[in-house]
Amino acid sequence: LPQRRGCVFPALDQRLAAVPTLVSAAPPCRPYAVAPKTAKKDSQRSKLEETKKKPATRRWPLMSKPVDDVYLTWYYQRPSYDLEEAVGMLKKFQELDFTYPGQYVYINVFLDMALQKKKKVDPFASIVLLPYRFTDETNKVLVFTENEQEAEIARENGAAVVGGIELVKWILEDEIQVDFYVAVPEIMPKLIPLRGKLKQKYPNTKKNSLGHDIPKMLQFFREGLEYAVKHENVIKTRIARLDMPTEQITANLKTIINDICTFKPSTYDPIVKQLVIRSSTSEGLLLNLDGVLPQVEKVVEEAKNADDDEEKPVQES
């Protein structure tokens, strides 16, 4: 017998089609959908309350000097060295590592730019002529003059470009690009259109870029070292080569530090907050600032004390 798979009801499709639909096409309302968000907020609040109740982790004061050669650095204060000692250590590092002896020496200067009433020293850039040169590279300098004799002197002393008012158009169109600009006072009224273009490099007597001594100005800007404040309070620049004598390296460093200190009045705290020296392949060494910073404030205080001592006998008499 054949297997029966099911019953057949004739005209069933017609009956089902006649029945009206009772379910609407719109999805059902879900008033409970917002509940997970409130739960998340409650959990976040509970976590914040728990963190507030937890006691703060106590940090023990750092120890001064390690006893052994192997130690955890974060348990001890960072050691600081005198300038001559640090330079000698850099030279020893180079000998032990068999690296290039003529590599550059760098300094990282961290500044205190704060003044009174929430004011700060504006980020600055400067150029300084070091007592001992350490590279043969020179900067390109343009000289503004309309005097033929001065123009000839400028060319003999290594000026990259020499000219008068005809250079203004080329500079505005970026056809001439140099590192520094030098001018004589007679041509300054004709260079006013370049004030907005050159900005800080516009010739100025305070920056030693305006005057009649063209050879001196060219030497200063061709051989000078330019540095600038980056990240609001950090100066990073090279100062010498490692194979130079220690006396020359220290002299170059002190020259740069003295120039940096001129950008903040001596009545405030010293502008140099921290000083690190390193070479191209060595670690950074923290320096003591006692013998590096200029002794301007102490000299002023001693002068005041001397004046007070001289006035006291007069008042008594």
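Conventions used here
- Residues numbered from 1 in each chain as written.
- Predicted model: local features only at pLDDT ≥ 70, side-chain atom pairs only at ≥ 80, totals over all residues.
- Heavy atoms only, no water.
- pLDDT = per-residue confidence, 0-100.
- Contact = heavy atoms within 4.5 Å.
- Patch = residues over 30% accessible without salt bridge, like charges linked within 9 Å, V, L, I, M, F, W, Y side chains within 5 Å.
- Areas by Shrake-Rupley, 256 points an atom, 1.4 Å probe, with all protein chains shown as cover.
- Salt bridge = Lys/Arg side-chain N within 4 Å of Asp/Glu carboxyl O.
- Lys, Arg positive; Asp, Glu negative; His and termini not counted.
- Charge placed at Lys NZ, Arg CZ, Asp CG, Glu CD.
- Helix = DSSP H or I, 4+ residues; strand = E, 2+ residues; numbered from the N terminus.
- Axes fitted to C-alpha atoms, helices over the stretch in contact; angles between N-to-C directions.
- Parallel < 35°, antiparallel > 145°, perpendicular 65-115°, else oblique.
- Left-handed = near helix turned anticlockwise from the far one by under 90°.
- Nonpolar A, V, L, I, M, F, W, Y, C, P; charged D, E, K, R; others polar.
- Buried < 20%, exposed > 50% of the residue type's maximum accessible area, 1.4 Å probe, protein only.
- Arc of directions from axis to C-beta.
- Phe/Tyr/Trp six-rings, centres within 6.5 Å; stacked < 30°, edge-to-face > 60°.
- Lys NZ or Arg CZ within 6 Å of the ring centre and 35° of its normal.

## Remarks on the confidence of the model for the protein
Parts of the model with low pLDDT should not have their predicted coordinates read in detail. Here the protein shows a mean pLDDT of 83. Residues at 70 or above account for 76%. Confidence over residues 297-301 falls short of pLDDT 50; this stretch has two contacts with residues more than four positions distant or in other chains. Considering only residues more than four positions removed or in separate chains, one finds that residues 310-317, a stretch of pLDDT under 50, has zero contacts.

## Observations concerning a negative patch on the surface
Among the surface-exposed residues, Asp82, Glu84, Glu85, Glu247 and Asp290 lie close enough to one another that they form a single negatively charged patch. By secondary structure assignment, the location of Glu85 is in helix H3 (residues 83-97).

## Here we look at the packing of H3 against helix H8 (residues 246-261)
One can describe the packing of H3 onto H8 by two numbers: an axis separation of 10 Å at closest approach and a directional angle of 125 degrees. Between H3 and H8, the interaxial angle falls into the category oblique. For H3 against H8, the interelement crossing comes out right-handed. On H8, the residues touching Leu83, Glu84, Val87 and Lys91 of H3 are Thr246, Ile249, Thr250, Leu253 and Lys254. For the contact of H3 with H8, a count of residues per class yields four nonpolar, two polar and three charged.

## Examining a nonpolar patch on the surface
Taken together, Met63, Leu72, Trp74 and Tyr75 make up a surface patch of nonpolar side chains, about 460 Å² in accessible area. Considering the arrangement of structural elements, one finds Met63 in the loop between helix H2 (35-53) and strand S1 (80-81).

## Details of helix H7 (residues 214-223)
Buried within H7 we find Ile214, Met217, Leu218, Phe220 and Phe221. Along the axis of H7, the buried residues cluster in a sector spanning 165 degrees; they form a single face. Where H7 is buried, its residues contact strand S3 (125-128), strand S4 (141-144), helix H4 (148-156) and strand S6 (180-183).

## Focus: the packing of aromatic side chains
One pass over the full model with this rule turns up six aromatic pairs. Taking 4.0 Å as the distance between ring centres and 5 degrees as the angle between the ring planes, the aromatic pair formed by Phe124 and Phe263 counts as stacked. Placement of the pair is Phe124 in the loop between strand S2 (104-111) and S3 and Phe263 in the loop between H8 and strand S9 (272-279), with a sequence separation of 139 residues. Take Phe263: its relative accessible area is 30%, and that puts it in the partly exposed class. Arranged with centres 6.4 Å apart and planes meeting at 15 degrees, the rings of Phe144 and Tyr181 form a pair that is stacked. Residue Phe144 is found in strand S4, and its partner Tyr181 is found in strand S6; the two are separated by 37 residues along the sequence. Each of the two residues, Phe144 as well as Tyr181, counts as buried. Three or more aromatic residues joined by ring pairs make a cluster, and in this case those are Tyr104, Tyr106 and Phe134. Between the NZ or CZ atom of Lys201 and the centre of the ring of Phe180, over which it lies, the distance is 5.2 Å.

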